[in-house]
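Structural overview
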Amino acid sequence: MSKIWRDLNTELERWKDASIYPIFWIRDDDAIKDGPKLTKLIFTAKKFNTPLSIAVIPFLIEKNLIERLNSYDLITVLQHGFKHKNYEPNNQKKSEFGQSRDLNNMIADIFHGTKLISEAFEKIFEPIFVPPWNRMNHLLLPYIYSLGIKGVSSFNKNLVDNTNNKSIVMNTNIDIIDWKKNKKFIGEEQIIQQLIFELISRRNKKNEGYNEPIGILTHHNQMNDSAFLFLEKLILNTKTYGAQWNSIKEIIMKKK
Ligand SMILES: [Zn+2]
């Protein structure tokens, strides 16, 4: 076993010694159609009885995706924007629901997207909005909830909910893809370092930290064999220390 996995185990051992157990969840983005990588991701999750939250792009749904996502009962479908189209100028970070667009147009898109996706996936759809590129205009938050959407999922500090209320933000924390370099697997060393950091910060926060889930962000289309292997090793390894891998529904319940 390499040093980085031993370091992770040392941290997991500390959790176990304190009789506490970390909570993980997986959000996989950009699903539009069936294919070998999506099949492989589902196969991996099934092998370890692990729930998957799959962010689907409503406007681009192909028929075979519906069948594929219904093939495993631990899948929850989330709404990934509407068309996954960038509206920001070239010098700005990409966003479909960013600063450049009129609020009413964005609200109409979200509403249309929810309709398409809820009709396609019926029971396995959970009204959680995942903004493309993990970015959205904060002003949308209060409207989103009035559209019947229960919560929003972005990435780390990209979106913080300041609307004081019942709304739920469930961000992911670890992205396994290196988007700046080659859009491939970032490598286990770097991911595990981040993971250890997330674990330590939760352990130090005591009670409120233990229950804060760690969201693993994947993009099946970008995943190579090492990425799939890593995911398997991570699930297996953390489970031996009592870690839970939750569905988004379980996470929402714990937040309430
Ligand atoms: Zn996306």
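So, a few notes on the structure that sits alongside this text. (Residues numbered from 1 in each chain as written. Predicted model: local features only at pLDDT ≥ 70, side-chain atom pairs only at ≥ 80, totals over all residues.)

**As for helix α8 (residues 225-240)**
Because an α-helix packs 3.6 residues into every turn, residues spaced three or four apart end up facing the same way. In this model, α8 (16 residues) spans 23 Å end to end at C-alpha, consistent with the 22 Å of a helix rising 1.5 Å per residue. Along α8, the residues classified as buried are Ala227, Leu231, Leu234, Ile235 and Thr238. One side of α8 carries all its buried residues, which in axial view fall inside an arc of 95°. What points out from α8, more than 90 degrees from its buried face, is the exposed set Asp225, Leu236 and Thr240. Buried residues along α8 sit against α1 (3-17), β1 (23-31), α2 (36-47), β9 (184-185) and β11 (244-245). Gly242, located one to two residues past α8, shows a positive phi value of around 90°. (Helix = DSSP H or I, 4+ residues; strand = E, 2+ residues; numbered from the N terminus. Expected span 1.5 Å × (residues − 1). Buried ≥ 20, exposed ≤ 12 C-beta atoms within 10 Å, placed from the backbone. Arc of directions from axis to C-beta. Contact = placed C-beta atoms within 7 Å.)

**Some thoughts on the nonpolar core**
Ile54, Val56, Val77, Ile144 and Ile176 are the most contacted members of the largest nonpolar core, which totals 57 residues. Apart from residues lying up to four places away in sequence, Ile176 is in contact with Phe185, Ile186, Ile191, Ile216, Leu217, Thr218 and Ala227. (Core = buried A, V, L, I, M, F, W, Y, C linked by C-beta atoms within 7 Å.)

**Concerning the pairing of strand β4 (residues 125-129)**
Here strand β3 (residues 75-79) runs beside β4; their pairing, made up of two bridges, is parallel. Directly across from Gln79, in β4, lies its bridge partner Phe129. Considered for its hand, the β-α-β crossover made up of β3, helix α4 (residues 103-121) and β4 is right-handed. Once the chain exits β4 it traverses helix α5 (residues 141-146) before rejoining the sheet at strand β5 (residues 151-152), and the crossover so formed is right-handed. (Pairing = 2+ DSSP bridges. Right-handed = clockwise from strand over helix to strand, strands pointing away.)

**Brief notes about the packing of α1 against helix α6 (residues 188-204)**
Look at α1 against α6: their axes get within 9 Å of each other, and the N-to-C directions meet at 15°. Of the possible angle classes, the one that applies to α1 and α6 is roughly parallel. In this structure, α1 meets α6 at a crossing whose hand is left-handed. Here Ile4, Trp5, Asp7, Leu8, Glu11, Arg14 and Trp15 of α1 come into contact with α6, specifically with Glu188, Glu189, Ile192, Leu195, Ile196, Leu199, Ile200 and Arg203. Considering only residue class, the contact of α1 with α6 consists of nine nonpolar, no polar and six charged. (Axes fitted to C-alpha atoms, helices over the stretch in contact; angles between N-to-C directions. Parallel < 35°, antiparallel > 145°, perpendicular 65-115°, else oblique. Left-handed = near helix turned anticlockwise from the far one by under 90°. Nonpolar A, V, L, I, M, F, W, Y, C, P; charged D, E, K, R; others polar.)

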